[in-house]
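# Descriptive analysis of the structure
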Amino acid sequence: MMLDYQQLSVDIAGIKMKTPVMTGSGTFGFGVEYADYVDLNSVGAVVVKGTTLQPRAGNRGQRIAETPAGMLNCIGLENPGVEEFIGNILPQINRYDVPVIVNIAGNTVEEYGQLAKLLNVPGVAGIELNISCPNVKQGGLAFGTCPDSAATVVEIVKKNTHLPVIAKLSPNVTDIVAMAAAVEQAGADAISLINTLIGMAIDIHSWRPVLGNVIGGLSGPAIKPVAVRMVWQVAKAVKIPVIGMGGIMTAEDAVEFLLAGASAVAVGTANFVNPGTATEIAQGISDYLTKRGITQVGQIVGKVQTE
Amino acid sequence: MMLDYQQLSVDIAGIKMKTPVMTGSGTFGFGVEYADYVDLNSVGAVVVKGTTLQPRAGNRGQRIAETPAGMLNCIGLENPGVEEFIGNILPQINRYDVPVIVNIAGNTVEEYGQLAKLLNVPGVAGIELNISCPNVKQGGLAFGTCPDSAATVVEIVKKNTHLPVIAKLSPNVTDIVAMAAAVEQAGADAISLINTLIGMAIDIHSWRPVLGNVIGGLSGPAIKPVAVRMVWQVAKAVKIPVIGMGGIMTAEDAVEFLLAGASAVAVGTANFVNPGTATEIAQGISDYLTKRGITQVGQIVGKVQTE
Amino acid sequence: MPKQHVQAKVVQHIAYNEDVRAITLFAPSLVRDSQPGQFIHVRVTEQYHPLLRRPISICDIDHEQQTMTLVYRIIGEGTRLLAAVEPGGLLDCMGPLGNGFILQGNRPLLVGGGMGVAPLVYLARMLCPQPVEVLLGARSKQEMFWPELFAAVCKNIHITTDDGSLGTRGNTIDVLPQLIQTGNYDMIYTCGPNPMMRGVVEQAQKYDIPCQISLEKHMACGVGACLSCTCGASDGKRRKVCTDGPVFWAGEVTEW
Amino acid sequence: MPKQHVQAKVVQHIAYNEDVRAITLFAPSLVRDSQPGQFIHVRVTEQYHPLLRRPISICDIDHEQQTMTLVYRIIGEGTRLLAAVEPGGLLDCMGPLGNGFILQGNRPLLVGGGMGVAPLVYLARMLCPQPVEVLLGARSKQEMFWPELFAAVCKNIHITTDDGSLGTRGNTIDVLPQLIQTGNYDMIYTCGPNPMMRGVVEQAQKYDIPCQISLEKHMACGVGACLSCTCGASDGKRRKVCTDGPVFWAGEVTEW
Ligand SMILES: Cc1cc2nc3c(=O)[nH]c(=O)nc-3n(C[C@H](O)[C@H](O)[C@H](O)COP(=O)(O)OP(=O)(O)OC[C@H]3O[C@@H](n4cnc5c(N)ncnc54)[C@H](O)[C@@H]3O)c2cc1C
Ligand SMILES: Cc1cc2nc3c(=O)[nH]c(=O)nc-3n(C[C@H](O)[C@H](O)[C@H](O)COP(=O)(O)OP(=O)(O)OC[C@H]3O[C@@H](n4cnc5c(N)ncnc54)[C@H](O)[C@@H]3O)c2cc1C
Ligand SMILES: Cc1cc2nc3c(=O)[nH]c(=O)nc-3n(C[C@H](O)[C@H](O)[C@H](O)COP(=O)(O)O)c2cc1C
Ligand SMILES: Cc1cc2nc3c(=O)[nH]c(=O)nc-3n(C[C@H](O)[C@H](O)[C@H](O)COP(=O)(O)O)c2cc1C
Ligand code: FES
Ligand code: FES
């Protein structure tokens, strides 16, 4: 695919991306799994799976379920741990010319700091804070639903890294703007949203939850209207760039997020459906801009007229 | 349709229903609009459109938009006002043998009290408090996202009526269980949930929001996993009955809510798709029960095994 | 008459041009009570996306065959799915919905633009044998497939196209004043894009001719239950396009 | 070999019984590299519901025709949509995915139950001309359409049905010990319901015969990215069924 990088490039808190289309954490592995299907050099950035200090086995039982225009997952942060990631996996991704953003999850505030410190290595372009994962009992979501805790996590991470820090927000809150303001205030360099909505499915034959973890995170097209709304509310309220995601399947969806105020977008569940999504959407955005004589994608960010 | 009322009847806080399948406020008008399509005498209960003290014209501009497996609405509580309702509309619904539950919305706590008082008339079986409507600027959602305000509304309404009071909760909160506990504590006789999730859609051609009110409420199958999760969480936590709704299209969906802990369910958006949904689902539930030798629907309520 | 919810048999489904299709349904119960200007609420898929029904005007009815024809333009996912329904298949229909045109007056003029022409065909048929005059506007000749539909019911057809490829170059509003001045009409019926209908209403008012307009609004229920389709009225109350309309007297409704 | 994401042409789509279909795809790039035991990740609709792809084993390959056959049971919405694809149409396929069977040993026994028989057909073909023995279990005769698929590749087919309508009454585990005692096998390949495979593994271990099992887990990505399909392994690490499997050595994986 021959993308027009001049037209499509964005700079998110110092992370230079060739296109505004990133891949969502947990939905694109470490990028290399998709190397056969998509030109990784043409992806805006790869956000890797939530990484923890120690390796994690994740949740037992069934981990995904399909729901109308969406899916539930309760992977439970299975990952090889930060050491294995830095030693063996990062070098593989770094063979490609694409920024690598590491999504991190801690059980305690201190763990977030330690993770950030360990990730001060070449080849990591930024840190995304998963303070919003609904699938782990300890920690995780707790940080993501209270502005003060979220701010504390951001502060300690900022103290431990010079890399750009992206706070990823949970949509499972009453006031998303308060969360955004808190992490901005605490020094976050960008905000990404939304993580999954918390959902549940029940097998009416066995009278048991479909998911091993009982509840899980809802993603896919079903959640797009909630995501667009939150991106719009947050982008109006903060000065730092917003990365929008939630149900993006097509270039039209991506444009909706850009107009709502996202400076970049991430493709999640769509990767499972069509592994070429990230670059096809970049091309689609380019076509959209070109048709309207727009030379740089930044020119449409936040341009929805609501009055 | 010949329904087995012995098997299907439920009693929700003293409201006796022939089937556990009600219709959701705002999605079934005053019932009579659907009289050509469905036997109103076989509907569990009709919950009428949100009613206010004064007539309301609702929002300007486009009021609905389709989204993946769902829809957004921003009707904005258009309604003829409580006086017109009692004088001219209620008698029409009362021609049918079906309990009428009036969904009320106030701009102030006092208005909720006044509405409840005015509705102490024969032919009204219960009051549902809409403290969760996302489409009205003043009031509405504010009450629905703060446990204390919600409790205050319940208290004042209870003081003004002897009818069963159902508190309808908004899903747009961090802690749905805290909301449920607050309204139970304040004296609510039942809880219904969920109202719509707040969403937004943008027209990428005009760069304007699709909805006249910019944001609107997301309903339909897309939100079902969130609704099932919240019903499950709330039903575990409270002693009063829970009425479950959100994306119910089929009897299977309804059974999922019953197993999650709902003592009755309401059909909303599905009425638009298939006006016979409420009674068809009642029949489907009956078939489900009969196949398993279950003689009363109450026997499956809350029976999901999560350990 | 009770409204019907039926599975109607598709007996024909033809293309008028790249985007426009005519679907003919065998549906005795729908046909029996349908008035011109009413519409059918069509379910285009059993899947959940798109979720809602699609309102489509009754374009024509053959009472003998007990068939009804809907003419529609493919503009999005819903109409695309509708276009895939094959003859022999069933279509899930609610109808006939709404209040149609009031048949009244001795010298009616029917003014239609774009797909708004659809309901005027059956209207012309029901006005017969009264002499009916029709003024039709379209973008181009390819979009002007309507005359053959009117052939049996109306001899007097005036045509405008934006590009002049058929009839008078221009739009219906350009030729309307002249028609009115010579036509002696005592009723104007109009359906089409809002700006066109505004122009028609303006002329009708100027010449003091009663005028009925047919509105379109996004609809969920189609039966007056959801209030997604209401508009203000000059009496200060609200009207539902799906049940009080889609046909209104000009001046009755505001906000369109 | 790079994995492929292709639109494969459907050349045949037939019914074996009420629920089971065989779809044959012309797909040179998929056919070229496919190993027995690998699977294809199929997109069943362009709509958003159901959203995810469906994993289906490669049942057989005709290298000359460059076609691949998938045999599947209609159990839900996804397979129902798949069943509606017509010959001449295209099917969106990712594959060949996963690690297949390791072809090794001189006297292999293949044990399949239910739809788990599917991957064994191509396995038997690739084991040829080595003499292959197959033990197949099904609920009834109607479900036992497999023998004709093995006809060209294997003469030695043992059959059990739960109701005794074909072959031995009972299940594969009932007859397995006797087969093993006389068969002199040095490799067992098995695919089917987990309880059946557990029985097979138990017997294989008892008689000290190496055994390969093929697992099924719910899958989102199919390429090792989402971790929805992992299971524990006896080395304490995790295995992805989609990329490390679906075929594993018995004893390699736990949690199935
Ligand atoms: C009373 C009435 C009669 C109509 N009669 C006809 C007819 O005879 N022929 C014809 O071609 N069209 C007619 N329309 C318009 C027709 O309903 C829309 O073109 C159709 O719904 C588009 O659906 P879609 O999924 O293809 O388009 P999309 O644009 O993808 O639809 C998105 C959403 O917008 C709604 N929508 C889009 N356009 C309209 C519209 N103009 N009016 C109302 N809702 C709309 C759809 O129903 C859907 O909910 C009529 C509309 C109304 C209200
Ligand atoms: C590696 C592999 C190979 C397979 N090979 C075959 C085959 O050759 N023939 C065949 O008939 N079936 C095979 N299956 C099972 C097949 O994938 C499911 O039957 C199918 O996904 C059901 O989809 P559905 O929408 O019809 O059913 P639904 O029950 O409606 O599906 C709901 C969800 O559960 C998933 N699901 C349901 N059953 C299974 C299952 N057994 N394994 C994994 N996911 C499941 C679906 O993919 C979907 O996401 C295989 C599965 C795997 C993992
Ligand atoms: C299978 C799966 C695993 C995920 N894992 C993570 C994760 O580890 N960390 C994280 O921050 N988000 C995770 N997410 C959330 C996604 O990154 C994304 O925020 C969400 O899915 C919404 O986008 P989508 O609708 O495009 O998928 C995961 C999502 C899915 C579907
Ligand atoms: C068009 C529309 C109007 C609604 N109006 C009201 C209302 O007035 N009061 C209220 O409490 N809920 C209202 N609701 C919410 C529904 O009653 C229901 O809680 C919600 O739609 C979720 O159920 P569903 O997915 O089955 O539609 C409305 C929903 C829709 C779609
Ligand atoms: S479409 Fe529901 S009231 Fe008109
Ligand atoms: S299915 Fe995604 S890792 Fe196996």
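None of the values given here were measured: they were computed from a predicted structure.

## Structural notes on the interface of chain A and chain D
Residue-level contacts link 31 residues of chain A with 29 residues of chain D. In total, chain A and chain D occlude about 2500 Å² of area from one another, counting both sides; carbon and sulfur atoms represent 61% of this. Between Arg238 of chain D and Glu78 of chain A there is a salt bridge whose closest N-O contact spans 3.5 Å. Where chain A packs against chain D, one counts 11 residue pairs in polar contact (both at pLDDT 80 or more). Among the secondary structure elements, those contributing two or more residues to the side of chain A that touches chain D are β5 (64-67), β6 (70-73) and α9 (270-273) of chain A.

## Details of the site of ligand 1
What surrounds ligand 1 is a group of 20 residues, the closest being Glu66 of chain B together with Pro55, Gly78, Thr79 and Glu216 of chain C. Each of chains B and C places residues near ligand 1. Within the contact set of ligand 1, an oxygen atom lies 2.4 Å away from a side-chain nitrogen or oxygen of Thr79 of chain C. Contact with the protein chains removes 83% of the 820 Å² of surface that ligand 1 exposes when unbound. At 4 residues, strand β4 (residues 54-57) of chain C tops the list of elements feeding residues into the shell around ligand 1.

## Some remarks on the site of ligand 3
All names here are of chain A. Taken together, 23 residues sit near ligand 3, with Ser25, Lys168, Gly220, Gly247 and Thr269 positioned nearest. Taking Gly268, its main chain carries an N or O atom lying 3.1 Å from an oxygen atom of ligand 3. When the free accessible area of ligand 3 is taken as 610 Å², the share hidden by the protein chains comes to 98%. Along the lines of polarity and charge, the residues of the shell around ligand 3 split into 5 nonpolar, 16 polar and 2 charged.

## Quick look at the interface of chain B and chain A
Contacts between the two partners involve 45 residues from chain B, matched on the other side by 45 residues from chain A. Here chain B packs against chain A, burying approximately 3900 Å² in sum over the two surfaces, 68% of which is carbon and sulfur. On the chain B side of the contact with chain A, Met200, Ile204 and Trp207 of chain B bury the most area, a combined 19% of that side's loss. Here chain B is connected to chain A by 15 residue pairs in polar contact (both at pLDDT 80 or more).

## Some details on the domain arrangement of chain C
Residues and elements named next belong to chain C. Here chain C is partitioned into domain 1 (4-97) and domain 2 (108-214). Opposite the 16 residues of domain 1 that make contact, domain 2 presents 14 residues. Of the roughly 1400 Å² buried between domain 1 and domain 2 on both sides combined, carbon and sulfur atoms contribute 62%. Where domain 1 touches domain 2, the interface holds 2 salt bridges. Across the pair Glu143 and Arg73 runs a salt bridge, and its minimum N-O distance is 2.5 Å. Within the residue set of the side of domain 1 that touches domain 2, elements represented by two or more residues are β5 (60-62) and β6 (67-73). Taken together, the residues of the side of domain 1 that touches domain 2 break down into 8 nonpolar, 6 polar and 2 charged.

## Here's the deal with unusual backbone geometry
Most peptide bonds are trans, and most residues other than glycine sit at a negative phi. The amide bond that connects Leu193 of chain A to the next residue, Ile194 of chain A, takes the cis arrangement and shows omega of 15°. With respect to the helices, strands and loops of the structure, Ile194 of chain A is situated in the loop between β10 (190-193) and β11 (197-200). Even without being glycine, Glu255 of chain C reaches a positive phi, approximately 60°. With respect to the helices and strands, Glu255 of chain C occurs in the segment after β16 (247-249). In this structure Glu255 of chain C comes out as partly exposed when scored by relative accessible area, which is 30%. Backbone geometry places Asp208 of chain D, a non-glycine residue, at a positive phi of 60°. Assignment of secondary structure puts Asp208 of chain D in the loop between α6 (194-206) and β13 (211-214).

## A word on the side chain of Asn73 of chain A
Residue and element names in this part refer to chain A. By the element assignment, Asn73 lies in strand β6. Taking the relative accessible area as the measure of exposure, Asn73 reaches 17% and is therefore buried. A distance of 3.2 Å separates the side chain of Asn73 from the backbone nitrogen of Ile75, its partner in a polar contact.

## What about the relation of the copies chain B and chain A?
Least-squares fitting of chain B to chain A yields an RMSD of 0.0 Å, with the transformation described by 0.0 Å of translation along the axis and a rotation of 180°. Both copies of the chain, as the preceding transformation shows, are related through a two-fold rotation axis. Comparing interface residues between copies, 100% of those in chain B also sit at the interface in chain A, which points to an isologous, same-surface contact.

## Topic: helix α2 (residues 82-93) of chain A
Residues and elements named next belong to chain A. For α2, every residue scored as buried is listed here: Val82, Phe85, Ile89, Leu90 and Ile93. When α2 is viewed along its axis, its buried side chains cluster within an angular range of 105° and face the same direction. On its buried face, α2 sits against β4 (46-51), β7 (100-104) and α3 (109-118).

## What to know about the pattern of salt bridges
A side chain of one charge can pair with a side chain of the opposite charge if their charged atoms are brought near each other. With the rule as written, the count across this model stands at 34 salt bridges over all chains. For Glu255 of chain C, the salt bridge is made with Arg238 of chain C, and the minimal N-O distance between the two is 3.0 Å. One end of the pair, Glu255 of chain C, is in the segment after β16; the other, Arg238 of chain C, is in strand β15 (residues 238-240), and 17 residues separate them in sequence. A relative accessible area of 22% places Arg238 of chain C in the partly exposed class. Between Glu133 of chain D and Arg107 of chain D there is a salt bridge, and its shortest N-O distance comes to 2.9 Å. Within this pair, whereas Glu133 of chain D is found in strand β9 (residues 133-138), its partner Arg107 of chain D is found in the loop between β7 (90-97) and β8 (108-113), the two being separated by 26 residues in sequence. Given the relative accessible area of 9%, Glu133 of chain D is considered buried. One network of salt bridges, in which partners are shared, links Arg63 and Glu78 of chain A together with Arg238 and Glu255 of chain D.

## Description of the confidence of the model for chain C
Parts of the prediction with low pLDDT should not have their coordinates interpreted in detail. This prediction gives chain C a mean pLDDT of 95; 100% of its residues lie at or above 70. Interface predicted TM-score (ipTM) for the complex: 0.96; the corresponding pTM is 0.97.

## Remarks on the sheet that holds β6 of chain A
Residues and elements named next belong to chain A. The strand order β5-β6-β14-β11 describes an open sheet built from 4 strands, whose pairing is antiparallel. Taken across any chain shown, the strands that pair with only one partner, and hence form the sheet edges, are β5 and β11. This sheet shows a mean twist of 40° between the axes of neighbouring strands, independent of strand direction. In the sheet, β6 pairs with strand β14 (residues 215-219) via 3 bridges, with the strands oriented antiparallel. Bridge assignment links Leu72 to a residue of β14, and that residue is Leu218.

## Some remarks on the packing of helix α6 (residues 176-185) of chain A against helix α7 (residues 224-237) of chain A
Residues and elements named next belong to chain A. Two elements in contact, α6 and α7, have axes separated by 9 Å at closest approach and are oriented at 40°. Of the possible angle classes, the one that applies to α6 and α7 is oblique. Taken as a pair, α6 and α7 cross one another with a handedness that is right-handed. Counting all contacts with α6, which are made through Ile176, Val177, Ala180 and Glu184, the residues of α7 involved are Met230, Gln233, Val234 and Ala237. Within the contact of α6 with α7, the residues separate by chemical class into 6 nonpolar, 1 polar and 1 charged.

Cut-offs used in this document
- Residues numbered from 1 in each chain as written.
- Chains lettered and ligands numbered in written order.
- Predicted model: local features only at pLDDT ≥ 70, side-chain atom pairs only at ≥ 80, totals over all residues.
- Heavy atoms only, no water.
- Contact = heavy atoms within 4.5 Å.
- Buried area = accessible area lost by both parts, 1.4 Å probe.
- Salt bridge = Lys/Arg side-chain N within 4 Å of Asp/Glu carboxyl O.
- Polar contact = N/O pair within 3.5 Å; in protein donor to acceptor, adjacent residues only side chain to side chain.
- Helix = DSSP H or I, 4+ residues; strand = E, 2+ residues; numbered from the N terminus.
- Near = heavy atom within 4 Å.
- Areas by Shrake-Rupley, 256 points an atom, 1.4 Å probe, with all protein chains shown as cover.
- Nonpolar A, V, L, I, M, F, W, Y, C, P; charged D, E, K, R; others polar.
- Domains from an automatic or database assignment.
- Buried < 20%, exposed > 50% of the residue type's maximum accessible area, 1.4 Å probe, protein only.
- Least-squares fit on C-alpha atoms with pLDDT ≥ 70 in both.
- Arc of directions from axis to C-beta.
- pLDDT = per-residue confidence, 0-100.
- Pairing = 2+ DSSP bridges.
- Axes fitted to C-alpha atoms, helices over the stretch in contact; angles between N-to-C directions.
- Parallel < 35°, antiparallel > 145°, perpendicular 65-115°, else oblique.
- Left-handed = near helix turned anticlockwise from the far one by under 90°.

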